[in-house]
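Observations on the three-dimensional arrangement
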Amino acid sequence: MKILFVCLGNICRSPLAEAIFNEKVRQRGLQKEFQSDSCGTGNYHIGDWPDGRAIKCAQKNNILINHLGRQLTRSDLEDFDLILAMDRSNLKNIFALANTETKSKVKLMRSYDPLGTGDVPDPYYGNEKDFDEVFEILDRSVEGLVKSF
Ligand code: 4NP
């Protein structure tokens, strides 16, 4: 099962989601069952390390974040089994590259959040508290995702 986490810049939300997912999969000993990656719909941060605040947030929560920014491509929609958009704007941009068949693999990340729906808010222009909130949302959503298998 191949899962792709998608946001705009691929330096804040989606690399955090990927790192949280990898940790939960590792804790359950399910590494052989899953492959994961993340990317952005935008091209601003190709080849960049995650944002320093995302790295700090991951470290605070004992999560290893290890990713370089890359942009979503049409072939990602073929290659991955499940594509998770962080917000509705990402979803729209992913759909713009998708066909009827690949569209069915695309979902909002928070469709797995037991405590809420809608967007994982973009923390880029926010502060540490905003990153903490994003972490809580992602932790719940990824837990819901892992439990869904
Ligand atoms: P992300 O956050 O989509 O969660 O990685 C952002 C990162 C960069 C930008 C916007 C959002 N940007 O405009 O450069």
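Scoring rules and cut-offs
Residues numbered from 1 in each chain as written. Predicted model: local features only at pLDDT ≥ 70, side-chain atom pairs only at ≥ 80, totals over all residues. Heavy atoms only, no water. Buried < 20%, exposed > 50% of the residue type's maximum accessible area, 1.4 Å probe, protein only. Helix = DSSP H or I, 4+ residues; strand = E, 2+ residues; numbered from the N terminus. Pairing = 2+ DSSP bridges. Right-handed = clockwise from strand over helix to strand, strands pointing away. Near = heavy atom within 4 Å. Polar contact = N/O pair within 3.5 Å; in protein donor to acceptor, adjacent residues only side chain to side chain. Areas by Shrake-Rupley, 256 points an atom, 1.4 Å probe, with all protein chains shown as cover. Nonpolar A, V, L, I, M, F, W, Y, C, P; charged D, E, K, R; others polar.

1. What to know about the pairing of strand E3 (residues 82–85)
Going residue by residue along E3, you find Leu 82 and Leu 84 tucked away on one face and Ile 83 and Ala 85 tucked away on the opposite face as well. Of the pairings in the sheet, the one linking strand E1 (residues 2–7) to E3 comprises 4 bridges and is parallel in character. Directly across from Ile 3, in E3, lies its bridge partner Leu 82. Pairing of E3 with strand E4 (residues 106–108) involves 3 bridges; the strand directions are parallel. Bridging from a neighbouring strand, Ala 85 pairs with Leu 108 of E4.

2. A few points about the pairing of E1
Most of E1 is tucked away, with 5 of its 6 residues classed as buried. Taken together, E1, helix H1 (residues 13–27) and strand E2 (residues 35–40) constitute a β-α-β crossover, and its handedness is right-handed.

3. Concerning the site of the ligand
In the vicinity of the ligand, the residues found are Cys 7, Leu 8, Gly 9, Asn 10, Ile 11, Cys 12, Arg 13, Tyr 44, His 45, Asp 122 and Tyr 124. In this structure, an oxygen atom belonging to the ligand sits 2.9 Å away from a main-chain N or O atom of Leu 8. Between Cys 12 and the ligand, the recorded distance is 2.9 Å, taken from a backbone N or O atom to an oxygen atom. Compared with its free state, where it exposes 350 Å², the ligand has 92% of that area covered by protein. Its residues assigned to classes, the shell around the ligand comprises 6 nonpolar, 3 polar and 2 charged.

Any link to function would need more than the numbers given here.
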